[in-house]
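Architecture at a glance
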Amino acid sequence: MRPILMKGHERPLTFLKYNRDGDLLFSCAKDHTPTVWFADNGERLGTYRGHNGAVWCCDVSRDSKRLITASADQTAKLWDVQKGAELFTFKFDSPAKSVDLGVGDKLVVITTDPFMGLPSAIHVKRISGDPSEQSDESVLTIKGPQGRINRAVWGPLNRTIISAGEDAVVRIWDSETGKLLLESDKETGHKKTITSLAKSSDGSHFLTGSLDKSAKLWDIRSLELIKTYKTERPVNAVTLSPVLDHVVLGGGQDASSVTTTDHRAGKFEAKFYHKILEEEIGGVKGHFGPINALAFNPDGKSFSSGGEDGYVRLHHFDQDYFNIRI
Amino acid sequence: MAAAIAQQASKVRWGELEEEEDNEDYAYLLPPRQVIGPDHNGLKKVIEHKFNDVGNKVKITTTSRVRKLANARVSKRAVERRSWPKFGDAVHEDVGARLTMVSTEEILLERPRAPGSKGEEAKASGDALSQIGKAGAVLMVCRTCGKKGDHWSARCPYKDLAQPSETFSEQAPTSDAAAAPGATKGAYVPPSLRPGAERSTGSDMRRRTEENSVRVTNLSEDTREPDLLELFRTFGPVTRTYVAIDQKTGMSRGFGFVNFVSREDAERAINKLNGYGYDNLILNVEWAAPRAT
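Small disclaimer: the values here were computed from a predicted structure and weren't measured.

Here the focus is the overall build of chain B. A count of helical and extended segments in chain B gives nine helices and ten strands. Evaluated residue by residue, chain B yields a buried proportion of 33% over its 293 residues. Once local pairs closer than 6 in sequence are excluded, the contacts in chain B between residues at least 24 apart make up 51%. About 18,700 Å² of surface is accessible on chain B, with carbon and sulfur atoms providing 52% of the total.

Rendered as structure tokens:
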């Protein structure tokens with residue numbers, strides 16, 4: 001395959017997200033402008049200008065009309081996908097790290113970093129259909145975990161919130177009361193910072209990637225550890241194929257040591273693993289730095305990776321990929 | 001494509017009307033346009049008859065392959081979005097901006113094992129030792145590239161690419177070439193002359209499996225053959241290690257070769273050791289001979 005290279009960002013990529021139809025790809029980077037691309041040919045459709053800091057995460061509504069972004073400028077912003085207009089700004093007292101829209105697009109979970117003595121927190125906000133009636137108020141705020149919360153997503157039916165972060169523990173919270181329901185075991189769980197978390201397309205399980213050079217597959221209800229994928233690099237990004245039993249891990253050595261070693265030694269490939277057999281299927285090379293973001297197109301026929309090198313690489317699979325036999 | 005052009009030609013363009021006028025009278029004399037297929041292979045044949053400039057009857061057969069594109073399921077909304085006007089920074093994007101480029105490099109999903117097509121090839125060379133016992137099982141095995149049943153070593157298209165680094169007696173290939181035609185005719189070939197068997201005759205013969213030869217560059221000057229052997233032995237049986245020594249100075253020239261018995265081992269060694277830090281230098285490990293693909 002010949003990947004499509006998209007050089008719209010001047011700083012490292014942080015997050016990639018496809019809309020539900022798989023025709024748009026949203027990219028976030030440490031520069032201040034999230035960008036939307038056509039997912040088939042990589043053409044840039046537009047940018048969302050207004051943030052004043054690195055943009056860490058984004059999510060798009062099911063109807064592809066609203067985009068919400070979390071930024072280090074201590075805000076999360078709601079955008080009109082088509083026009084690029086800013087609709088609303090949620091203000092926080094510390095940098096926002098991740099956002100996730102719940103089923104129905106009425107609720108959003110936003111995490112904020114520990115900052116100036118403030119602990120990290122998980123905020124649940126209500127999204128109103130009419131942006132003029134949007135309120136800044138939190139429905140629920142959860143505090144407790146030490147260190148940064150790198151990702152928080154909704155559980156099945158918005159009943160739970162799953163969070164993971166620097167303390168290497170995956171937690172499941174009750175989204176009504178904010179009570180801690182389940183916590184991953186220290187023994188079997190990750191040993192270092194969890195950098196990424198991705199739900200399967202059916203929402204029955206999720207995958208976490210960690211700097212301890214492994215990725216783990218968990219049951220979304222019982223938080224039971226299902227599989228572990230061992231790799232030889234810190235994992236920065238994970239994603240699951242919606243059609244095949246494949247998981248993709250991206251990462252690489254620390255960005256700070258990139259210039260001191262050969263790029264082949266950095267292991268900047270996106271690694272494909274068989275979800276069930278935990279066996280490596282293959283690797284896709286290309287980035288000149290660690291992979292920070294991975295996303296699978298909902299049709300499963302293409303995936304994109306965003307790297308520390310500022311490139312988004314959009315890969316449309318060859319037919320061979322679908323014929324791979326283990 | 002070809003079919004489309006042919007169709008266009010059959011449509012009368014107003015610009016060509018005048019020219020074709022004199023042909024038109026005779027057009028009824030021609031057999032009608034015939035379309036055959038598309039058959040199960042997607043091959044479609046269009047047979048047309050025409051008068052050429054000189055007035056001779058010409059039969060034009062256009063063969064084209066009809067490929068059914070997988071109907072991509074695109075939602076109505078997605079089609080709508082396709083025509084959305086650009087916004088933000090994308091509005092002022094000039095054509096020269098080249099934000100989106102298609103990689104010039106072909107990127108493959110690199111399998112940890114050789115993928116199916118090459119797996120066979122790997123097996124051919126990798127199983128060399130295991131086949132010694134039943135040398136006659138597969139007669140036509142090319143020693144140069146390890147392909148099975150495709151050609152004899154003497155006729156190997158990659159023969160020139162994979163020149164052995166040391167001098168060998170030319171005895172073996174010539175005798176092989178002599179044996180080759182005999183074998184295809186079904187005449188008796190002594191087992192010792194069979195190419196499959198030759199691998200087992202001596203270790204020097206086995207060396208010639210260039211396919212399993214790995215070139216190691218960026219070696220430190222202190223590295224000698226035993227060091228290489230030590231390093232590569234962990235991946236599998238090694239038949240030869242060689243470090244290039246400068247004739248005059250007696251110093252290492254910084255590169256060497258390692259031959260493996262099996263191709264898989266060589267492949268693993270390349271995957272593992274390429275980029276490996278050895279003696280303060282980063283090793284560069286690759287296939288010695290240009291590969292078949």
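Taken together, the contact between chain B and chain A spans 32 residues of the former and 48 residues of the latter. Between chain B and chain A the total buried area reaches about 3,600 Å² when both faces are included, carbon and sulfur atoms providing 50% of it. Taken together, the connections running from chain B to chain A amount to eight salt bridges. Counting across the interface, chain B meets chain A through 23 residue pairs in polar contact (both at pLDDT 80 or more). For the side of chain B that touches chain A, the element with the highest residue contribution is helix H3 (residues 76-82) of chain B, accounting for four residues. For the side of chain B that touches chain A, the residue count by class is 13 nonpolar, eight polar and eleven charged. Relative to strand E4 (residues 100-102) of chain B, strand E1 (residues 4-6) of chain A runs antiparallel, the two being bridged by three bridges. Paired with Ile4(A) across the two strands is Val102(B), which belongs to E4(B).

Turning next to the nonpolar core. Residues Phe26(A), Ile68(A) and Ile110(A) are the most contacted members of the largest nonpolar core, which totals 32 residues. Contributing elements (two or more residues each) for this core: strand E3 (24-29), strand E4 (35-38), strand E6 (55-60), strand E7 (66-71), strand E8 (75-80), strand E9 (86-91), strand E10 (96-101) and strand E11 (107-112) of chain A. Leave out the neighbours within four places in its chain, and Ile110(A) touches Ile68(A), Ala76(A), Phe90(A), Phe92(A), Ala96(A), Ser98(A), Val99(A), Ala121(A), Ile122(A), His123(A) and Lys125(A). Within the second largest apolar cluster, 19 residues are counted, among which are Leu219(B), Val238(B), Ala269(B) and Leu283(B).

Analysis parameters
- Residues numbered from 1 in each chain as written.
- Chains lettered and ligands numbered in written order.
- Predicted model: local features only at pLDDT ≥ 70, side-chain atom pairs only at ≥ 80, totals over all residues.
- Heavy atoms only, no water.
- Helix = DSSP H or I, 4+ residues; strand = E, 2+ residues; numbered from the N terminus.
- Buried < 20%, exposed > 50% of the residue type's maximum accessible area, 1.4 Å probe, protein only.
- Contact = heavy atoms within 4.5 Å.
- Areas by Shrake-Rupley, 256 points an atom, 1.4 Å probe, with all protein chains shown as cover.
- Buried area = accessible area lost by both parts, 1.4 Å probe.
- Salt bridge = Lys/Arg side-chain N within 4 Å of Asp/Glu carboxyl O.
- Polar contact = N/O pair within 3.5 Å; in protein donor to acceptor, adjacent residues only side chain to side chain.
- Nonpolar A, V, L, I, M, F, W, Y, C, P; charged D, E, K, R; others polar.
- Pairing = 2+ DSSP bridges.
- Core = buried A, V, L, I, M, F, W, Y, C linked by side-chain atoms within 4.5 Å.

On their own, these measurements won't tell you what the molecule is for.
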